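So the chains spell out like this:
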Amino acid sequence: MHTKRLRSTMARGGAHIVLIILCVMCATPLFWMIRTALAPNADILSARLWPKHLVLGNFATAWHAQPFLLFLCNSLITNLVIVACQLGTSALAAYSLVFIPYRGKRLLFFGILLAMMVPMQATFVPIYSMLSAFHLINTYGALILPFAGSAFGVFLMRQGFLSIPKDMVQAARVDGANEWRILVNIVLPHAKPTIATLVLLDFVYHYNSLFWPLIATNTNNMRVVPVALSYFLTQDAGQTLQWNLAMAFDVFAIVPVVILFLLGQRYFVQGVAGVSLKG
Amino acid sequence: MSRALTGVLASQPRVRRQIARQIQSSTQGWFMMLPALAFLTLFVFIPMAYVVYLSMFQSNLLTPKPRFVGWENYIHLLTAPDFAQALTNTAVLAAGMLLLSLPLALILAMLVNMRLWGTRVYRTVLFGPYVIPLVGSGLMFTLLFNTDGGLVNRIVEIFGGQPIDWLGGRRSALAAVLILSVWQYTGYYMLVFLAGLQNVPQHLRESCQVDGGGRWSTLRHVTLPAMAPTVFFAIVICLIQTFQTFDQVYVMTAGGPDGASTTLAYYIFEKGFQMYDIGTSSAASVVLLAMLALLTWLQVYMRYRWVGEES
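It should be emphasised that the depicted structure is a prediction, and the values quoted were computed from it without experimental measurement.

A word on the overall build of chain A
1) Next: Scanning chain A from N- to C-terminus turns up 14 helices and 0 strands.
2) Next: Rg of the C-alpha trace for chain A: 24 Å, well past the compact-globule value of 19 Å for 279 residues, more than 25% over.
3) Next: With respect to the three principal axes, the spread of C-alpha positions in chain A is 75 × 75 × 30 Å.
4) Next: Looking at chain A residue by residue over its 279 residues, the buried ones come to 45%.
5) Next: Pairs at least 24 apart in sequence give 75% of the contacts found in chain A among residues at least 6 apart.

Describing the domain arrangement of chain B
1) Next: Per the domain assignment, the segments of chain B are domain 1 (3–38) and domain 2 (77–307).
2) Next: Computed from C-alpha atoms alone, the centre-to-centre distance between domain 1 of chain B and domain 2 of chain B is 49 Å.

Details of the interface of chain A and chain B
1) Next: Opposite the 71 residues of chain A that make contact, chain B presents 75 residues.
2) Next: Broken down by element, the residue count for the side of chain A that touches chain B peaks at 13 residues, all from helix α1 (residues 2–37) of chain A.
3) Next: Across the side of chain A that touches chain B, the residue classes break down as 52 nonpolar, 14 polar and 5 charged.

Topic: the UniProt feature "transmembrane region" (unreviewed entry) in chain A
1) Next: The positions UniProt marks with the feature "transmembrane region" (unreviewed entry) are residues 12–34, 76–100, 107–128, 140–161, 182–205 and 241–263 of chain A.
2) Next: The straight-line gap between the two end C-alpha atoms of residues 12–34 of chain A is 32 Å; of that span, 100% is helix and 0% is strand.

With respect to the UniProt feature "domain: ABC transmembrane type-1" (unreviewed entry) in chain B
1) Next: The UniProt record annotates "domain: ABC transmembrane type-1" (unreviewed entry) at residues 87–299 of chain B.
2) Next: The straight-line gap between the two end C-alpha atoms of residues 87–299 of chain B is 22 Å; of that span, 75% is helix and 0% is strand.

Focus on the nonpolar core
1) Next: Counting 160 residues, the largest nonpolar core has Tyr-189 and Met-190 of chain B as the members making the most contacts within it.
2) Next: Every residue in contact with Tyr-189 of chain B, bar those within four places of it in the chain, is listed here: Ser-101, Leu-102, Ala-105, Ala-234 and Cys-238 of chain B.

Some points on the confidence of the model for chain B
Residues and elements named next belong to chain B.
1) Next: Across chain B, pLDDT averages 87, with 93% of residues at or above 70.
2) Next: Of all the helices and strands in chain B, helix α1 (residues 3–11) carries the lowest mean pLDDT, 65, while helix α4 (residues 81–112) carries the highest, 95.
3) Next: Among the prediction metrics, the complex's ipTM stands at 0.90, with pTM recorded as 0.89.

Structural notes on the domain arrangement of chain A
Residue and element names in this part refer to chain A.
1) Next: By the assigned domains, chain A splits into domain 1 (2–60) and domain 2 (66–277).
2) Next: Measuring from the centre of the C-alpha atoms in domain 1 to the corresponding centre in domain 2 gives 33 Å.
3) Next: Listed by partner, the interface residues are 9 residues for domain 1 and 7 residues for domain 2.
4) Next: Going through the elements one at a time, α1 and α2 (57–65) are the ones with two or more residues in the side of domain 1 that touches domain 2.
5) Next: Among the elements that take part in the side of domain 1 that touches domain 2, α1 stands out by supplying 4 residues, more than any other.

With respect to the environment of Pro-129 of chain B
1) Next: Along the chain, Pro-129 of chain B falls in the loop between α5 (119–127) and α6 (134–144).
2) Next: For the pair Pro-129 of chain B and Ser-285 of chain B, spaced 156 residues apart in the sequence, the C-alpha separation amounts to 29 Å.
3) Next: Ignoring sequence-local partners within four residues, the contact set of Pro-129 of chain B consists of Cys-26 of chain A together with Ser-137, Trp-183, Gln-184 and Gly-187 of chain B.

As for the UniProt feature "transmembrane region" (unreviewed entry) in chain B
All names here are of chain B.
1) Next: This chain's UniProt record puts "transmembrane region" (unreviewed entry) on residues 30–53, 91–112, 124–145, 173–197, 222–243 and 281–302.
2) Next: Helix makes up 100% of residues 173–197 and strand makes up 0%, while its end C-alpha atoms are separated by 35 Å.
3) Next: In this annotation, residues 222–243 is assigned 95% helix and 0% strand; the end-to-end C-alpha distance for the span is 32 Å.

Criteria and thresholds
- Residues numbered from 1 in each chain as written.
- Chains lettered and ligands numbered in written order.
- Predicted model: local features only at pLDDT ≥ 70, side-chain atom pairs only at ≥ 80, totals over all residues.
- Helix = DSSP H or I, 4+ residues; strand = E, 2+ residues; numbered from the N terminus.
- Rg over C-alpha atoms; globule rule 2.2 N^0.38 Å.
- Buried ≥ 20, exposed ≤ 12 C-beta atoms within 10 Å, placed from the backbone.
- Contact = placed C-beta atoms within 7 Å.
- Domains from an automatic or database assignment.
- Nonpolar A, V, L, I, M, F, W, Y, C, P; charged D, E, K, R; others polar.
- UniProt positions renumbered as here; feature names shortened; annotations may be inferred.
- Core = buried A, V, L, I, M, F, W, Y, C linked by C-beta atoms within 7 Å.
- pLDDT = per-residue confidence, 0-100.

Below you can see the structure in the form of structure tokens.
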């Protein structure tokens, strides 16, 4: 018995050690970003783990060097509208799939699965020419419209709705409520965790995504945060790049998602687990 | 049912009301489906079909009017060394993710599942990289991999090595992209595995231990078999994600040096957006779509077998 307990203690100790090492490895790039953002020019590529003099002014310089606030506003506006649109279209579609009996649902669900697998990287040429025919390139419209409907959103909402008892909806119908009122007053309030998950995952996904904004916009005024970040390397590339300012800018770009993640971690975890287990 | 009988039935008020209700609910169902369906049709289904159409034509800056060429673009892809290179690079990345990221994620999930003190903190830190924009982490890793004075080369120097031109080397550029991907995604797969582990019925594990099974044999004979669907799901998702690798390459290496780190998605972007070679780009898109379709089908099929009809 004694050896068993000893072995268990050792296993736990070993687990802690492995986890701590890997956590340190995970955090190192972030630490290095902050360290470099605070470093004076001379210390950027030095072997010093922590700069001798901290230059907080780097953040101010980076903030004024580029209109970060404009980029952030572009990102926030487009992403919030995308999330709102997806929430609306997905809730309606999922409600229809789960609670209304009609023919052709299997086909519709198959279509959703199909749409989920198609990445923008494979379809950007037709979407670009379509939007450019309507003179929408370099507008918020180009950034928002392609994502107003989301197969993933429908899929996730459907999963959340499936756990709501059908009897409840049936009872409301017998009481004479129409489908719209059932959705708004009964189903949505019971699906709050799913909604929170969708909102957070969606927002972070679109805030982070580079590919489509890179293609759909090319003016400074329309730049979103990831595109602005990518310009550090493609435009100021080479020796002239001031790494401490680039890293300060990187910190600005990352802070919003990190805050969202820390506040809503529960929902991120649920989102990942929900998609992998059920469905 | 004969037509006469149907007619008789339809004339019954009760049946008529039922049919009316069916039609009404069917209209309502499609109506609520409409917004999502319209956007998906416009921005997913039509573009997907149109890409297949475009892949049969040749158009570029020199010949702005598209010319029908049939299978020629695909034949060109089969023989183009740069496409073969892009496919190989994507396969290497995928293999690297499967062999490095997934096993590491499984081990981490088991460690995090041990109910240790501080598990929440571990989980947060390990999952954290997943929510950071790839462009942002790409920028960080470009600095870490900097030839003179980047942290990675400093560590190489400590061990007595010579500084390596990571992002400029033919092999090391792709390795750098892989390392970033492992850093970015391992926490995500850890959560996927963790969810799977927490779904393994506790009584199975206990009964194995009662029968004298040790930690190791419980793991081998109970936990891992019960995890099979989750592991399969993780493999498929990992492949799907890796096939779409773009941001890392765009930021860190721009596909270079000389195509050594060009992935399939980057190839499509380069051909279509930078060289205006729409035919080749579209044909490569169709190849990507076909690979993703195969994986999606496999996943749906296997899930159907494991979980059953209503899921």
